[in-house]
Amino acid sequence: MQIKTMAEYAANGETPEILFWVGCAGSFDQRAQKITKAFATILDKVGVRFAILGKEESCTGDPARRAGNEFIFQMMAQNNIAVLNGYEVKKIVTACPHCFNTLRNEYPELGGQYEVIHHTTYLQQLIDEGKVRMKEAGAFKGRKITYHDSCYLGRSNNIYEAPRKVLEALDAELVEMKRCRSNGLCCGAGGAQMFKEEEKGTTRINFERGKEAVETGAAVIASNCPFCMTMLTDGVKEQGKEDSVQVLDIAELIAQQIA
Amino acid sequence: MHIIQELLFVIAFGVAVYLFYRKARQIRQNILLGRDVQLNDEPAARWRNLLLLAFGQKKMFRNPLVAVLHFFVYAGFVIINVEILEIILDGIVGKHRLFAPLLGGLYPVLIGCFEILAALVLIGCAIFLVRRNIVKVKRLNQHELDGWPRSDANYILITEIVLMLLFLTMNTADQALQQHGHEHYINTGAFWVTGPFVSLFSGLSDGTLIAIERTCWWLHILGILAFLNYLPYSKHLHIILAFPNAYYADLRPKGKMENMPAVQKEVQLMLQPELAADAPAGDIPKFGAKDVPDLTWKNILDAYSCTECGRCTAACPANITGKKLSPRKIMMDTRDRAEAIGEQIAKTGSFTEDGKTLLRDHITEEELRACTSCGACVQECPVSINPLHIIMQLRRHLVMEETSAPQEWNMMFSNIENNMAPWKMSPDDRDKWAVEMNG
């Protein structure tokens, strides 16, 4: 596989179909790197001409903004917009709902106007177009999968159906948690909580969510966000179910089963 | 005798309306303490929200059983107002059942409908009292409701029950007098709900019946006028403010945070110093919110629209897991503080520092730091309140004005600034995964 950067495309006078915005978690977090690789594998297999920004990508500024530090956010945002506009980027796909929300909703008024798509929506489009096809005897056929709505894809941007449609393509049995869709319970990472110790309480938010997910009896918890991934993995561990319940990103599920 | 009754009524009515107007103007001033934001775009979408969320109570139906009961109480409140119009006109002109001759056969049908609604309001309020005080539904019994808020809720429900009982008793006595052929009490025929109860009163003399009917009439209308003046001091104000609040609801995706143009500009000048020559030096802006006047007027309208139902708090992941944060408390604190500032202005003519602020005196850092910005509170609120917006503005003040942040956040900030990532990772490793895949 040859993953090229925007700079490499530009040097050859070419334009990719999409920019894959990897995000900090997808770039640096060991667990999330697997999601990044899974999604890149799918794109490569389908033959989508995609680019990454590579070393030119920076944090979107989401955690700084939500912690209250607008200066850092503006620095990141304006730098990123300068880079993106410099390459005349039109279409961005990202596997992180926080990056997705910031790029889609917060960059336009700062001068960064792009078509921004979350990877679950993009996968749904590829499936609908027949470009992604699943193996005949899929490993998840008939198995119970539950889906965790991330706040920044769900409530923040009203995307509830696309990820579920992607899961349907696996022929799995989708079981919902009691709190799902617009009623979904947060994993506990948003609002920059990922980067600090939780405030004092009776339990941790990811323990509460992990318990709820495990109680569905699902063998797989499907997530769409690298931060939810970390939180839910710990939540499942707390339930002592790390051997029987897997937490997998939707891209990983598809990458495993793509024909 | 009649003329005295009419006079007394007009005076009572006038005083009630004047007092309400005065308090309403005060609340309007308190709301306008907030900074200005333009919320007049997309009128079509705003009218849609007003119709669906306020009139249609769309979000209430996330819990259908409670929604139906609440709808009875709400419909009863709105529709019985038509009857109150008749009562007020009767009171002013000294007539009895002014609309009866005008509407003819339709009149008992109309009153019948009002009576059914009154009965439903009564049942609804009774069930709500049970939910609060006997079943003790969690969200209706949390800490921040201790004291006045809990009493307020019970007073409202009890008042509504009493008002409905007065209305129904009045109609029963009225029909008994009609049957006695009393000339003042024009014959309307039996009403649907109270009709069967008339026999209870049939043994009473005309004098007693008139006393019952008049007492109920007076207590009912005086009760309503008193209740009108209770509203502005109570969480029950939502019956009015839910409507403008739905209209002015934020229409942007919930994930979008409010931009700070002053910071945007400053960073722009830092990144492109060549622009600085043309830029006029502005005042040093305030960052975020420390007190109520730093919030937007919509935030304060939100606070006055809150009926403390606690759907936000019941859905808040921080609250569910025992943290101090309760979005409902954020709204209650904001209203309390707006009231305190408003009182000071009413007394002294202007607002001067009183040594207190919304931040810390009402809302602690611990509460603010527990928020995951998940948006569940915004999603759940039936009357379009946004507690998250207030939380985020207070966080901005903490970090940008006081550099008050947990140590881990300060590390995150410096990591982003230096390494372009919230972790201490080398920017050179950002595409390491791709290098690995490229082999």
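**Q** Is there a simple way to explain the environment of Ala213 of chain A in this structure?
**A** Residues and elements named next belong to chain A. Looking at the element boundaries, Ala213 is found in helix 9 (residues 205-215). For Ala213, a relative accessible area of 0% gives the class buried. Expressed as a C-alpha distance, the spacing of Ala213 and Leu123, which sit 90 residues apart in the sequence, is 24 Å.

**Q** When you look at the sheet that holds strand 2 (residues 18-21) of chain A in this model, what are you seeing that I'm missing?
**A** Within a sheet, neighbouring strands are paired by backbone hydrogen bonds and run either parallel or antiparallel to one another. All names here are of chain A. The 5 strands are arranged 1-3-2-4-5 in an open sheet whose pairing can be described as parallel. Edge strands, defined here as strands with exactly one partner in the open sheet, are strand 1 (4-5) and strand 5 (115-118). Sheet topology note: the strand 2/strand 3 (residues 50-52) ladder contains 2 bridges and is parallel. Note on strand 3: the bridge partner recorded for Ile18 is Phe50. Together, strand 2, strand 4 (91-94) and strand 5 form the strand contacts of helix 7 (residues 119-128), whose direction differs from that of strand 5 by roughly 85 degrees.

**Q** I would appreciate a short explanation of the sheet that holds strand 8 (residues 220-223) of chain A in the present structure.
**A** All names here are of chain A. Strand order in the open sheet made by the 4 strands is 7-6-8-9, with parallel pairing throughout. Only two strands of the sheet have a single partner each, and these edge strands are strand 7 (173-174) and strand 9 (246-249). Across 2 bridges, strand 6 (residues 144-147) lies against strand 7 in parallel orientation. Along strand 7, the bridge assignment pairs Ile145 with Leu174. Packed onto the sheet, helix 10 (residues 226-238) meets strand 8 and strand 9 and runs at close to 170 degrees relative to strand 9. Along the sheet, helix 11 (residues 250-257) makes contact with strand 6, strand 8 and strand 9, crossing strand 9 at roughly 90 degrees.

**Q** What's the story with the domain arrangement of chain B in this structure? I'm lost.
**A** When the parts of a complex come together, some accessible area is lost, and that lost area is often taken as the interface size. Residue and element names in this part refer to chain B. When the domains of chain B are assigned, the result is domain 1 (2-31 + 63-247) and domain 2 (289-405). Distance between the C-alpha centres of domain 1 and domain 2: 34 Å. With 25 residues of domain 1 at the contact, the number on the domain 2 side is 29 residues. Carbon and sulfur atoms make up 49% of the surface buried where domain 1 meets domain 2, a total of about 2200 Å² over both sides. Looking at the side of domain 1 facing domain 2, the largest losses of area belong to Ile31, Arg139 and Asn245, adding up to 32% of the total buried there. Where domain 1 touches domain 2, the interface holds 2 salt bridges. When the shortest N-O distance is used, the salt bridge between Lys23 and Glu339 registers 3.3 Å.

**Q** What should I look at first to understand the interface of chain A and chain B in this one?
**A** Each side of the interface is counted separately: chain A has 71 residues, and chain B has 62 residues. Roughly 5900 Å² is buried in total at the junction of chain A and chain B, and carbon and sulfur atoms are behind 63% of that figure. Linking chain A to chain B there are 6 salt bridges. As a salt-bridge pair, Asp431 of chain B and Lys55 of chain A come within 3.0 Å of each other at their nearest N and O atoms. Here chain A is connected to chain B by 33 residue pairs in polar contact (both at pLDDT 80 or more). Breaking the side of chain A that touches chain B down by element, the ones donating at least two residues are helix 2 (23-28), helix 3 (30-46), helix 4 (62-67), helix 5 (70-86), helix 6 (97-106) and helix 9 of chain A. Among the elements that make up the side of chain A that touches chain B, the one with the highest residue count is helix 5 of chain A (8 residues). Split by residue class, the side of chain A that touches chain B holds 27 nonpolar, 27 polar and 17 charged.

**Q** Even after reading the chapter, I still don't get the environment of Gln175 of chain B, so can you show me in this structure?
**A** Here Gln175 of chain B is to be found in helix 6 (residues 148-179). Each C-alpha atom of the pair Gln175 of chain B and Phe201 of chain B lies 9.2 Å from the other, and the pair is 26 residues apart in sequence.

**Q** Help me out: how do you make sense of the pattern of salt bridges in this one?
**A** For side chains of opposite charge, pairing can occur when their charged atoms come near one another. Tallied over the entire structure, the rule returns 42 salt bridges over all chains. For Glu176 of chain A, the salt bridge goes to Arg164 of chain A, with nearest N and O atoms at 2.6 Å. Taken together, the residues span a long stretch of sequence, with Glu176 of chain A in the loop between strand 7 and helix 9 and Arg164 of chain A in helix 8 (residues 161-168) at a distance of 12 residues. In this structure, the salt-bridge partner of Glu176 of chain A is Arg181 of chain A, at a minimum N-O distance of 3.9 Å. Judged by its relative accessible area of 30%, Glu176 of chain A falls in the partly exposed class. Among the charged side chains, a network of salt bridges with common partners joins Asp62, Arg65, Arg66, Glu70 and Glu106 of chain A together with Arg396 of chain B.

The rules behind these values
Residues numbered from 1 in each chain as written. Chains lettered and ligands numbered in written order. Predicted model: local features only at pLDDT ≥ 70, side-chain atom pairs only at ≥ 80, totals over all residues. Heavy atoms only, no water. Helix = DSSP H or I, 4+ residues; strand = E, 2+ residues; numbered from the N terminus. Buried < 20%, exposed > 50% of the residue type's maximum accessible area, 1.4 Å probe, protein only. Pairing = 2+ DSSP bridges. Contact = heavy atoms within 4.5 Å. Axes fitted to C-alpha atoms, helices over the stretch in contact; angles between N-to-C directions. Domains from an automatic or database assignment. Buried area = accessible area lost by both parts, 1.4 Å probe. Salt bridge = Lys/Arg side-chain N within 4 Å of Asp/Glu carboxyl O. Polar contact = N/O pair within 3.5 Å; in protein donor to acceptor, adjacent residues only side chain to side chain. Nonpolar A, V, L, I, M, F, W, Y, C, P; charged D, E, K, R; others polar.

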